[in-house]
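Next come the chains, spelled out residue by residue.
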Amino acid sequence: MEENRTLRNLKILSIVTILFIVYNTLIPFKPYLEPWKIIRNLHRVELIPFIARGKLNPLTDLVGNVILFMPFGFFIALYFIHLNRKVRLGRVVLLGFLLSLCIEVLQIGFRYRTPSVTDLITNTLGTFIGVVLARIYFKELEERLKKILHHILENEPITLILILIILIQFFASMLPFNVTITVSDLKKAIAYTNIEPFGFKPLGLMLGAHVKHLERFSFSVIDFVGNMLFYAVFGYLVLYSYYQYWRGTRYGRLLILGLLIVYFPVLEVTQFFIKSRFSDVNDIISGYLGAWSGALLFLLLKKEHWFANDKTLRFHHFVAPFLIYLIYVFYKGFSPFNFSLQPDVLALNLKVRYLAPFYAYYKVTSLWNIYDLLESFFWLMPLGFAIAYHARSRGAERQMFLRAIFAGLAISAIIEISQLFLPTRTGDITDVIFMTIGSYMGAYLFRYYWETYVARTQPSDFVKSLKT
């Protein structure tokens, strides 16, 4: 049963990885429709390895293309390993080569894309590295990581939520994944670093350097408050985890120090290595204020008997952060709060084509669309989890999924309809679909957690107590 679930997950991850690669290598999806233009594009094929337009390929491009195919080699190899088949390195690498070759051929027919032998080499190398890592992972790490994951789910589920939040935050900070390690780009990133609290003044300007396009940047109170709300939930969960799981351990205080103090500057430092991003001291300040406010709220609400018995999730421990989370959802959905009843605003947003799923993603294609979809998917997942918990505790297990779907549909519809009256936002049926699916997945995750860990490990009197 466990092996079947692993195979299914690896198959899904492999498919998602392939789709991501295709998406990333064909955007902005502007194909040539005239045959003569496709033939003309044949002359742009770069046949000399590691040379582009007469110059050496930038190191960042080479590294990026290697990294792009590493997950493909990793998940494909791991899938075959779990099928108990002997994985021949050459066959999986050949699959990576063929996928890259298909993409390079397709790029001949796409505007703004340049087929390259260099990409073919680096993509194949990335697949090779992914296969090697898969073998190492299977032999040395997989069982250990599974034990750690099962231990966390069984004993420290809130810790897992914190890990997911941190991973999502770092994922967002790395967008749009155009990593740079060149000195010129690092200098530019440092020059644009904002060092003025509650305002905007880049470091380069303070040092007398010429900084372009300053009119595009400003301090946003709305974003600042939004960050505070998000990190208030984070701070509450960190301190709850400390009292419930980490207190009395050797690493407990180190985790508090790392998550409530060190984490926010480190997150901003990552922006130095991403083109089109810059670090902002206000993000650090809003992180501190939000996290410490959430931690203080926990200290005001906590009761010692919360931590006296078992470590199972109890809903009343999380009423306060759940309410803050709901406020955050509506706050982000309604921002920037510049509602307008002008007919032209409504006419601009109220168009039939916006009822077509993914229309906005066909219109404007970029890697930010992937993050936007993932954000919509995870947006209401905690809501579905909480609804399922409440339904289980009230003996309405059969209705948990229906309630989660209805709640997700209602909240997402309210948010998207309200955006019809915002000049800078557009209501989108795609977000409604993904938010509703996310709410359903939250209920599914609760059922998995309950059946796998709570019902099997907790005494029957505790399980019965939830229904009384």
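Residues numbered from 1 in each chain as written. Predicted model: local features only at pLDDT ≥ 70, side-chain atom pairs only at ≥ 80, totals over all residues. Heavy atoms only, no water.

1. Regarding unusual backbone geometry
Following Ser335, the chain continues into Pro336 via a peptide bond in cis, with omega recorded as 10°. Within the secondary structure, Pro336 is located in the loop between helix H12 (319–334) and helix H13 (343–349). Phi at Phe198 is positive, roughly 60°, even though this residue is not glycine. Note that Phe198 resides in the loop between helix H7 (183–191) and helix H8 (203–206). (Helix = DSSP H or I, 4+ residues; strand = E, 2+ residues; numbered from the N terminus.)

2. What about the nonpolar core?
Among the nonpolar cores identified, the biggest contains 55 residues, and Phe234 and Leu383 are the most heavily contacted of them. The element contributing the most residues to this core is helix H9 (residues 221–246), with 14 residues. In this structure, Phe234 is in contact with Leu162, Ile165, Ile166, Leu259, Tyr263, Phe264 and Ala291, ignoring residues within four places of it in sequence. One finds Phe69, Ile81, Val92 and Leu99 within the second-largest nonpolar core, a separate group that totals 19 residues. (Core = buried A, V, L, I, M, F, W, Y, C linked by side-chain atoms within 4.5 Å. Buried < 20%, exposed > 50% of the residue type's maximum accessible area, 1.4 Å probe, protein only. Contact = heavy atoms within 4.5 Å.)

3. Digging into the environment of Leu297
With respect to the helices and strands, the residue Leu297 is situated in helix H11 (residues 281–301). Once the C-alpha coordinates of Leu297 and Gly235 are considered, the two residues, 62 residues apart in sequence, prove to be 9.0 Å apart. In this structure Leu297 touches Tyr236, Ala320 and Ile324, once residues within four positions along its chain are discounted.

4. Notes on the packing of H9 against H11
At a closest axis distance of 6 Å, the pairing of H9 and H11 adopts a crossing angle of 45°. The orientation of H9 with respect to H11, classified from their angle, is oblique. H11 is crossed by H9, and the crossing has right-handed handedness. Classifying every residue of the contact of H9 with H11 gives 17 nonpolar, seven polar and one charged. (Axes fitted to C-alpha atoms, helices over the stretch in contact; angles between N-to-C directions. Parallel < 35°, antiparallel > 145°, perpendicular 65-115°, else oblique. Left-handed = near helix turned anticlockwise from the far one by under 90°. Nonpolar A, V, L, I, M, F, W, Y, C, P; charged D, E, K, R; others polar.)

5. Brief notes about a nonpolar patch on the surface
A cluster of nonpolar residues, Tyr251, Leu254, Leu257, Ile261, Val262, Val266 and Trp292, forms a patch on the protein surface that exposes about 640 Å² of accessible area. Here the element with the most residues in the nonpolar patch is helix H10 (residues 252–269); it accounts for five residues. By secondary structure assignment, the location of Ile261 is in helix H10. (Patch = residues over 30% accessible without salt bridge, like charges linked within 9 Å, V, L, I, M, F, W, Y side chains within 5 Å. Areas by Shrake-Rupley, 256 points an atom, 1.4 Å probe, with all protein chains shown as cover. Salt bridge = Lys/Arg side-chain N within 4 Å of Asp/Glu carboxyl O.)

6. Thoughts on the environment of Ile67
Inspection of the secondary structure puts Ile67 in helix H3 (residues 59–82). Residues Ile67 and Thr127, 60 residues apart in the sequence, show an inter-C-alpha distance of 8.7 Å.

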